[in-house]
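# Fold and contact review
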Amino acid sequence: MYAVDVGPQYEGERIRKTEFQVEFGGPEVSHKGELVTVKGHDEVEHDKITVTGPDIKDFAEGVSSALFIKVEVAGEVLEKDLEAVLERRIHQYINYIEGVFHMAQRYDIWIRIHKNAFKKGLNSFEQVGRILIDLFTAELPVIEKMSIEFVTDPAKVQELLAEAMKVYKERDDKLKGLKDEDVDEFYACVLCQSFAPTHVCVVTPERISLCGAINWFDGRAAVKVDPEGAQFAVPKGNLIDPENISYDTINQVVTERSLGETTHVSLHSALTNPHTSCGCFEAIVFYIPEVDGFGVVSRDFVGVTVTGEPFSTLAGHASGGKQNEGYVGIGVQYLKSPKFLIGDGGYNRVAWMPTSLKESAAENIPQELMDKIATEKDVSNVDELTEFMQKAGRL
Ligand code: SF4
Ligand SMILES: [Zn+2]
């Protein structure tokens, strides 16, 4: 029925640089995004698939293009609260398509179409849209109507992205003031086990998922509609490590769902039993032994970090669903959490960040540390960082 096969067996597929026909988003492209909006019943034209701008077949081989995926859904029991959770399914379902790879979320998406899939006839977003609508409505019967628009026109993508950024921010802002201590239940997500079979995300009010797409409210909304789904509730149990923040019930559930790979997880430490990572993290915290501190780098940072390693190499150390002390993948929003790496000393332990990331975290960095965290403009290797830290009186 479709030009290529579709099913969960294709989820772990990777598509290398030399293998893609065309890619959308990713590091080469500044504007990209995806957004799901819940609308009123009469506001959604069911099955409508629109392509605005050049389609897959219109691009020359090897091109990287802008893309915005705009999904609108309606259904009697659908609530606004579910938008983020449904949006995450775009990632899951696109990866079901043979020869199509989707990574990351929100303003960060990266999609590749394999040359073989293109040769088999997957040459239009109309087909991708058809598959997505079929999967969404089959797997989530709460969706009664769905329309989808694929926008590749760069100016329009930029416009849509600006609007979407406001929505992402609203979702994140909802959490302000809510503490881990205030709730009895956390949420876990195992959606990414197709790529990292032992990875379990634990989402708390003060720890957004590492993909940045699922916060505590989203977890709560998800289990309401689909208690057997990839996201599920976990009673937090007893705090057994108040320093690094570790709860007995969370450990138990992580042990089970990681098939025994991870038995202890600290929710707020990169050094002691760190939370595992799949590969979807928006940023990586990495330990720099020479300064006994951390670097933090986000996916959009082009170039090498202070240790000489680019994001992609660090991602290799952090990902795969296995604990690797000194590395932890995080959602950018976690930089704003009052419990940010509290077990390791929080910002007191941060030595290096790229300028843009430091700016976005500025209001959460203690004032006295603002000039004492180096950026790529201050230092370019660990020796220079050591000197910087000494001068700042931090070593
Ligand atoms: S990164 Fe974590 S929260 Fe996000 S989809 Fe994957 S498992 Fe779920
Ligand atoms: Zn993931």
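Residues numbered from 1 in each chain as written. Chains lettered and ligands numbered in written order. Predicted model: local features only at pLDDT ≥ 70, side-chain atom pairs only at ≥ 80, totals over all residues.

## Considerations on the pairing of strand 14 (residues 283-288)
With respect to burial, strand 14 is a largely interior element, five of its six residues being buried. When strand 14 meets strand 15 (residues 293-298), the two strands line up antiparallel, connected through six bridges. When the bridges of strand 15 are listed, A283 appears paired with S298. Hairpin connection, strand 14 to strand 15: the antiparallel pair is bridged by four residues, and D292 has positive phi, about 45 degrees. (Buried ≥ 20, exposed ≤ 12 C-beta atoms within 10 Å, placed from the backbone. Helix = DSSP H or I, 4+ residues; strand = E, 2+ residues; numbered from the N terminus. Pairing = 2+ DSSP bridges.)

## Observations regarding the site of ligand 1
Taken together, 13 residues surround ligand 1, and among them C189, C192, C201, S209 and C211 come closest. Residues that form the shell around ligand 1 fall into these classes: eleven nonpolar, one polar and one charged. (Near = placed C-beta within 6 Å. Nonpolar A, V, L, I, M, F, W, Y, C, P; charged D, E, K, R; others polar.)

## With respect to the sheet that holds strand 16 (residues 327-330)
Ordered in space as 16-14-15-17, the four strands form an open sheet in which the pairing is mixed. Edge strands, defined here as strands with exactly one partner in the open sheet, are strand 16 and strand 17 (350-352). Taking the axes of each pair of neighbouring strands and ignoring which way they run, one obtains an average angle of 35 degrees across the sheet. Here strand 15 pairs with strand 17 via two bridges, running parallel. Bridged to F294 within strand 17 is V350. Against the sheet, helix 7 (residues 311-318) engages strand 14, strand 15 and strand 16, with an angle of about 80 degrees to strand 14. (Axes fitted to C-alpha atoms, helices over the stretch in contact; angles between N-to-C directions. Contact = placed C-beta atoms within 7 Å.)

## Overview of the domain arrangement of the chain
The domain architecture assigned to the chain consists of domain 1 (8-173) and domain 2 (180-391). Taking the mean C-alpha position of each, domain 1 and domain 2 sit 26 Å from one another. Contacts between the two partners involve 20 residues from domain 1 and, on the opposite side, 19 residues from domain 2. Elements with a minimum of two residues in the side of domain 1 that touches domain 2: helix 1 (83-96) and helix 4 (154-173). It is helix 1 that contributes the most residues to the side of domain 1 that touches domain 2, five residues altogether. Residues of the side of domain 1 that touches domain 2, tallied by class, amount to eight nonpolar, three polar and nine charged. (Domains from an automatic or database assignment.)

## Considering helix 4
The end-to-end C-alpha distance of helix 4, which contains 20 residues, comes to 28 Å, matching closely the 28 Å that a straight helix rising 1.5 Å per residue would cover. Within the sequence span of helix 4, burial applies to V157, L160, L161, Y168 and R171. Buried residues in helix 4 make contact with strand 2 (32-38), strand 5 (67-74), helix 1 and strand 8 (145-151). (Expected span 1.5 Å × (residues − 1).)

## Digging into the packing of helix 1 against helix 3 (residues 125-139)
The N-to-C vectors of helix 1 and helix 3 enclose an angle of 120 degrees; their axes lie 10 Å apart at closest approach. Regarding the angle of helix 1 to helix 3, the classification is oblique. Helix 1 and helix 3 meet at a crossing whose hand is right-handed. Each of R89, Y93 and Y96 in helix 1 lies in contact with helix 3, whose residues at this interface are L132, L135 and F136. Looking at the contact of helix 1 with helix 3 residue by residue, the class counts come to five nonpolar, no polar and one charged. (Parallel < 35°, antiparallel > 145°, perpendicular 65-115°, else oblique. Left-handed = near helix turned anticlockwise from the far one by under 90°.)

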